[in-house]
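Topology and contacts: notes
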Amino acid sequence: MNDISALLFDLDGTVYRGTDAIPGASDFIAILKERGIPFLFVTNRGNRRPEEVAEQLNSMGIPCTQDDVLTSAQAVAMELEKGTRAYCLGEEGLTSTLEEAGIVITDGSRDTDAVIVSYDRGINYEKLGKALRLIDGGARFIATNTDRLITVEDGILPEAGPIVAAVQAATEKEPEIFGKPEKPIMDAALKRLGKEASECAIIGDNIFTDILAGHKSGMKSILILTGVANREDGENAEFKPTWITEDYQDLEKLFFI
C-alpha cells in the first residue's frame, strides 16, 4: 500500500461502537500520528461540531484534534461563498459551523440563497413550511446528508434523511447531497488533506455509505468487519471494496507490512 499516503475513517462501527473504541483503533491512529501519515475522521453528522467529535474520541483514548475531523456541515460551508444567506433546518452544530465560514443564517425571510436541511430534533411544521416556500422561490436545496437512522443509547431515532425526504416531497425538487456516499464531502476531505483521490483510501464498515463513497470519489476503499457489514456483503457488493480486513490487527498488516 505504498501508493496510499492518507486515510479517511468513518466513525460509528469503524472507530467506535456506542461509548467504546473498537479494539485496536486507538493504537492504529497513534501509529499514524507518530509516522506523520495524514488522516481524517469523516462524518455525516451535521449537528456536531468538530471539537465535540474530537473530545468524544479523546475520551475513548483515540488521539484526535478538531483538525482531524470533517463533518458534512463543514463540507457544505466549504462549498458556499462567504455572505451566502442560508435558512437551516438543523441544530447549533450546523449553524455555528456555517457562521464561522461567513455564511449568514436567516430566519426564513425571502432574502435567502439556500435552504440547508440536516438532523434537527426541533423540526416542526413552521420550519418545513418556510423551507418549502424558499425552495419554491428559487433557493438552493442542500442536504448535509440523507442517513435514515441514528443509533442512540435507548434505541434508534430518525436522522436527517426523513426530514430531507419531507422537504423533497413537498417541493418535488432534488437536493444537493453533501454527505457520504456522495462526492462533495470526499472532495472537501481531499481539499483539506491536499491530496489526490488516487493517494487516499477510505476505511469504513458500511458498503452503502463508506465503500460507495470511495467508489464515487475515485478512492480505494477498505471494508473493516467491525460494524454492519460482513465479508460476504463485501464480496457480493455491486461496488466492491479494494480490500477487506477483519479488524485493526488485519488493517495494520495491510498498511504497514
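Our structure's up above, just so we're on the same page.
Predicted, not measured: the structure shown is a model, and the values here were computed from it. Just so you know, the residues in each chain are numbered from 1, in the order the chain's sequence is written. Side-chain atom pairs in this predicted model are given and counted only at pLDDT of 80 or more, local residue features only at pLDDT of at least 70, and totals for whole chains, interfaces and linings cover all residues. Water and hydrogen atoms play no part in the side-chain values, which are based on all heavy atoms of the structure.

Observations concerning the environment of Ala-131
Inclusion rule: Each helix corresponds to a stretch of at least 4 residues labelled H or I by DSSP, and each strand to a stretch of at least 2 residues labelled E; elements are numbered beginning at the N terminus. Working rule for contacts: check all heavy atoms of both residues, and any pair within 4.5 Å makes them a contact.
Mapping Ala-131 onto the fold places it in helix H5 (residues 125-136). Beyond its immediate chain neighbours, meaning those up to four positions away, Ala-131 contacts Tyr-87, Leu-89, Val-115 and Val-167.

Looking at the pattern of salt bridges
To keep things clear, this is the line we draw: By salt bridge we mean one thing: a side-chain nitrogen of Lys or Arg within 4 Å of a carboxyl oxygen of Asp or Glu. Relative accessibility decides the category of a residue: with a 1.4 Å probe and only protein chains considered, values under 20% of the type maximum give buried, values over 50% give exposed, and everything between is partly exposed.
Applying the stated criterion across every chain yields a total of 15 salt bridges. The shortest N-O distance in the salt bridge between Glu-176 and Arg-140 comes to 2.6 Å. Separated by 36 residues along the polypeptide, Glu-176 in strand S12 (residues 176-177) and Arg-140 in strand S9 (residues 140-143) bring together distant segments of the chain. Using a relative accessible area of 30% as the deciding quantity, one classes Arg-140 as partly exposed. With its nearest N and O atoms 3.1 Å apart, the salt bridge here joins Lys-183 to Asp-187. Placement of the pair is Lys-183 and Asp-187 together in helix H7 (residues 183-193), with a separation of 4 residues, close to one helical turn. If you follow the salt bridges from partner to partner, you end up with Asp-10, Lys-180 and Asp-210 in one network.

Looking at the sheet that holds strand S5 (residues 69-71)
Note the following rule: Two strands are said to pair when DSSP picks up at least two bridges between them. Only the contacting stretch of a helix is used when fitting its axis, a line to C-alpha atoms as for every element, and angles between N-to-C directions run 0 to 180 degrees.
A sheet is described by the order of its strands in space; here 6 strands give the open sequence S5-S4-S1-S13-S14-S15, paired in parallel fashion. Bordering the open sheet on either side are S5 and strand S15 (243-245), each of which pairs with just one other strand. For this sheet, the mean angle separating the axes of adjacent strands, direction not counted, is 25°. Sheet topology note: the strand S1 (residues 6-9)/strand S4 (residues 39-43) ladder contains 3 bridges and is parallel. The residue of S4 that forms the bridge with Phe-9 is Phe-41. Helix H10 (residues 248-256) rests against S1, strand S13 (200-204), strand S14 (220-224) and S15 of the sheet, and its axis sits at about 140° to S15.

Re the layout of surface pockets
Test applied: Using only the protein atoms, space was sampled on a 1 Å grid; points where a 1.4 Å probe fits but cannot get out form cavities, open sets with protein on both sides within 12 Å along at least five of seven lines form pockets, and lining residues are those with an atom within 4 Å of a point. Grid points are joined across faces, edges and corners, and a volume is the space filled by probe spheres set on the points. Under the convention adopted here, Pro, Cys and the residues Ala, Val, Leu, Ile, Met, Phe, Trp and Tyr are nonpolar, Asp, Glu, Lys and Arg are charged, and Gly plus all remaining residues are polar.
When its volume is computed, the largest pocket comes out at roughly 1000 Å³. Lining the largest pocket are 31 residues, and of these Asp-12, Tyr-16, Arg-45, Ile-150 and Thr-151 sit closest to its centre. If you list the elements that add at least two residues to the lining of the largest pocket, you get strand S2 (16-17), S4, strand S10 (149-152) and helix H8 (207-217). A class-by-class count of the residues in the lining of the largest pocket yields 9 nonpolar, 10 polar and 12 charged.

Section: the environment of Ile-4
Along the chain, the position of Ile-4 falls in the segment before S1. Taking the C-alpha atoms as reference points, Ile-4 and Leu-80, separated by 76 residues in sequence, lie 30 Å from one another.

A short note on the sheet that holds strand S7 (residues 104-105)
With respect to topology, 5 strands assemble into an open sheet ordered S7-S6-S8-S9-S12, the strand pairing being parallel. The sheet is open, and its two borders are formed by S7 and S12, each paired with just one other strand. Strand direction decides the pairing type here: strand S6 (residues 85-89) and S7, joined by 2 bridges, are parallel. Bridge pairing links Arg-85 to Val-104 in S7.

Considering the packing of helix H3 (residues 72-79) against helix H4 (residues 92-100)
Formally: Note on terminology: angles under 35 degrees are roughly parallel, angles over 145 are roughly antiparallel, angles of 65 to 115 are roughly perpendicular, and the others are oblique. The crossing is said to be left-handed when, going from far helix to near helix, the turn is anticlockwise and less than a right angle, and right-handed when the turn is clockwise.
The geometry of H3 relative to H4 is characterised by a closest axis approach of 9 Å and an angle of 30° between their N-to-C directions. In this view, H3 runs roughly parallel relative to H4, as classed from their interaxial angle. In the packing of H3 onto H4, the handedness of the crossing is right-handed. For the pair formed by H3 and H4, the contact residues are Ala-73, Gln-74, Val-76 and Ala-77 on the first element and Leu-94, Thr-97 and Leu-98 on the second. Counted by class, the contact of H3 with H4 contains 5 nonpolar, 2 polar and no charged residues.

These values are about where atoms sit, not about what they do.
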